[in-house]
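Now for the letters of each chain:
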Amino acid sequence: MNIGIVCYPTFGGSGVVATELGIALAQKGHKVHFITYSQPFRLNQFSDNLFYHEVSVNDYPLFEFQPYESVLASKIVDVAIYERLDVLHVHYAIPHASVAYMAQQILKSRKINLPYITTLHGTDITLVGQDPSFEPVIFFSLNKSNAITSVSESLRKDTLKTFKIANKITVIPNFIKIDEYQSIQGVCQRHKYAQPHEKILIHVSNFRKVKRVDDVLRIFDRVRKDIPCKLILVGDGPERPAIDKLCRELNTCSDIISVGMIANPKEILAVGDVFLLPSETESFGLAALEAMAMKMPVISTNTGGIPELNIHGKTGYMSKVGDYEDMAKNTIALLSNEAKLAQFKLNAFEQAKKFDIDVILPMYEKVYESVL
Ligand code: GMT
């Protein structure tokens, strides 16, 4: 198949899923065309079947807001005609679903059929999608999608609660390539981050309010009073200044290692004992799945799609949103029992295997075939 993929190329779960999916489809023999405003950050390999088409918006002084959607729609039309796309797969509803619809209509006027699939990733429905100023456009373009997928059952239900969608929504969870994690597991760089007697806690996110990184710091503050440990923070974002301030107030900065944004955090995950994800909402929790693939149990909230991944009392523990005392208690219980920790690490890995690309890729291929 000739597949066009539209996504946000910057750091973020939807871009990661779109890029890794495109790479896997190309490895399987499909031709994949990424149509984005910059090269997706995980698109760090080249193959005969992978193509990148840049959407570049010229800066005209007349416009206070540059018309990105129009340029993207024109680019999709161009790629669809000259690369003979069979399907278009857009990740994140806003604005990609409505742009896809616009491109589809332009192509239709030229007697070309281009079905489009919209994959919902979470904040496009749970946060941005709740904004009434977007509602008519999202509602319309989702209903016009030839197929819709969502990354969890929880997100499917949330979408149906928010929008009266007549279309079927197929749940296709996030995925990992388990082989890539297995090959790194033996190479451990723990000594770079902690003393042999110290445990390592890790958090990875884009430091938005929804991630509740302040709760990560509060959990760590409680845990380090009982257990010698270090906290590694991977990522960056708008909450960074507030986090720096809080670690000074809690007097924990000396035990926190901030490594910033890392395109592929596998090697750093390999040094961790426990992964912290205290998010306000999380449609799936790709960061947690990546940690589990690296044998890390997950201490998380029980929100959104997380319970579809993290099994309470087996692969980690879940608590109510904001209950950092409970999350700290669970972390201490796990880290102070070596046998239990070892078992949870194995359980986390076994659970991650269920989300291997070999299981998930055929689900997407089936959806593509259904719209052709
Ligand atoms: O987590 C973010 O803020 C980024 C966001 C995105 O769209 O890039 O992630 C969402 O999509 C991921 C991939 O499907 C999911 O694993 C994340 O759970 C989801 N984030 C939220 O729902 C907050």
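This text follows the structure it describes.
These lines cover the structure that appears in this document, whether it is placed above or below.

### Some details on empty space enclosed by the protein
- Under the criterion given, the structure shown has one cavity of 30 Å³ or more.
- Estimates place the volume of the largest cavity at around 90 Å³.
- Val 16, Val 17, Glu 20, Arg 42, Phe 175, Ile 176, Lys 177, Glu 180, Tyr 181, Lys 266, Leu 286 and Glu 290 are the residues that line the largest cavity.
- If you list the elements that add at least two residues to the lining of the largest cavity, you get helix H1 (13-27), helix H7 (178-185) and helix H11 (286-293).
- With three residues, H1 is the single largest residue contributor to the lining of the largest cavity.
- In terms of residue class, the lining of the largest cavity is built from six nonpolar, no polar and six charged.
- Lining the lining of the largest cavity are residues from two domains, each supplying at least three of them: domain 1 (2-175 + 356-371) and domain 2 (178-353).

### Thoughts on the site of the ligand
- Among the 18 residues in the neighbourhood of the ligand, the closest are listed as Ser 14, His 121, Asn 174, Lys 211 and Glu 282.
- The contact in question runs from an oxygen atom of the ligand to an N or O atom on the side chain of His 121, over 2.7 Å.
- Separating an oxygen atom of the ligand from a side-chain N or O atom of Glu 282 is a distance of 2.7 Å.
- Within the complex, 96% of the 480 Å² of free accessible area of the ligand lies under protein.
- The site holding the ligand turns out to be the largest pocket.
- Considering every element that reaches the shell around the ligand, the biggest residue donor is H1, with three residues.

### Looking at the side chain of Asn 206
- Tracing the backbone through its elements, the reader meets Asn 206 in the loop between strand S8 (199-204) and helix H8 (213-226).
- For Asn 206, a relative accessible area of 19% puts it in the buried group.
- Those residues within four positions of Asn 206 in sequence are excluded, and the remaining contacts are Lys 211, Asp 236, Gly 237 and Pro 238.

### Describing the layout of surface pockets
- The space that makes up the largest pocket amounts to roughly 820 Å³.
- Contributing to the lining of the largest pocket are 41 residues, with Gly 12, Gly 13, Ser 14, Asn 206 and Lys 211 lying nearest its centre.
- Broken down by secondary-structure element, the contributors of at least two residues to the lining of the largest pocket are H1, helix H4 (123-126) and H11.
- Tallying contributions element by element places H1 first for the lining of the largest pocket, with five residues.
- When its residues are assigned to classes, the lining of the largest pocket shows 19 nonpolar, 16 polar and six charged.
- The two domains that each donate at least three residues to the lining of the largest pocket are domain 1 (2-175 + 356-371) and domain 2 (178-353).
- Taken as a whole, the second largest pocket holds about 230 Å³ of empty space.
- Taken together, Asn 146, Ala 147, Ile 148, Asn 167, Lys 168, Thr 170, Val 171, Ile 172, Met 363, Lys 366, Val 367 and Ser 370 form the lining of the second largest pocket.
- Among the secondary structure elements, those contributing two or more residues to the lining of the second largest pocket are strand S6 (147-150), strand S7 (169-171) and helix H14 (357-371).
- Here the lining of the second largest pocket gets four residues from one element, more than from any other, and that element is H14.

### Here we look at the state of the cysteines
- Tallying each qualifying case throughout the model produces one disulfide.
- The disulfide partner of Cys 247 is Cys 253, and the gap between their sulfur atoms is 2.0 Å. Its S-S torsion of about 105° marks the bond between Cys 247 and Cys 253 as right-handed, since a negative value means left-handed.
- Look at Cys 247 and you get buried, because its relative accessible area is 9%.
- In this model Cys 229 remains outside any disulfide bridge; the closest cysteine sulfur is found in Cys 247, 14 Å from its own.
- In this structure Cys 229 comes out as buried when scored by relative accessible area, which is 3%.

### Overview of the sheet that holds strand S12 (residues 298-301)
- A sheet is described by the order of its strands in space; here six strands give the open sequence S10-S9-S8-S11-S12-S13, paired in parallel fashion. Lying at the two open borders of the sheet, with one neighbouring strand each, are strand S10 (256-260) and strand S13 (316-319). Pairwise comparison of adjacent strand axes, ignoring direction, gives a mean angle of 20° for this sheet.
- Examined bridge by bridge, S8 and strand S9 (residues 229-234) share six bridges and lie parallel to one another. Along S9, the bridge assignment pairs Leu 201 with Leu 231.
- Those strands touched by H11 are S8, strand S11 (274-277) and S12, and its axis lies near 175° from that of S11.

### Here's the deal with the environment of Ala 93
- The topology assignment puts Ala 93 in helix H3 (residues 93-109).
- When its relative accessible area of 5% is taken as the criterion, Ala 93 is described as buried.
- Through-space distance from the C-alpha of Ala 93 to that of Lys 108 is 21 Å; in sequence the pair is 15 residues apart.
- When sequence neighbours within four positions are dropped, the list of residues in contact with Ala 93 reads Ser 98, Thr 118, Thr 119, Leu 120, Asp 124, Ile 138 and Leu 142.

Rules used throughout
Residues numbered from 1 in each chain as written. Predicted model: local features only at pLDDT ≥ 70, side-chain atom pairs only at ≥ 80, totals over all residues. Heavy atoms only, no water. 1 Å grid on protein atoms, 1.4 Å probe; cavity = no way out; pocket = protein on both sides within 12 Å on 5 of 7 lines; lining within 4 Å. Points joined across faces, edges and corners; volume = space filled by probe spheres on them. Helix = DSSP H or I, 4+ residues; strand = E, 2+ residues; numbered from the N terminus. Nonpolar A, V, L, I, M, F, W, Y, C, P; charged D, E, K, R; others polar. Domains from an automatic or database assignment. Near = heavy atom within 4 Å. Polar contact = N/O pair within 3.5 Å; in protein donor to acceptor, adjacent residues only side chain to side chain. Areas by Shrake-Rupley, 256 points an atom, 1.4 Å probe, with all protein chains shown as cover. Sits in = over half its atoms within 2 Å of the grid points. Buried < 20%, exposed > 50% of the residue type's maximum accessible area, 1.4 Å probe, protein only. Contact = heavy atoms within 4.5 Å. Disulfide = S-S within 2.5 Å. Pairing = 2+ DSSP bridges. Axes fitted to C-alpha atoms, helices over the stretch in contact; angles between N-to-C directions.

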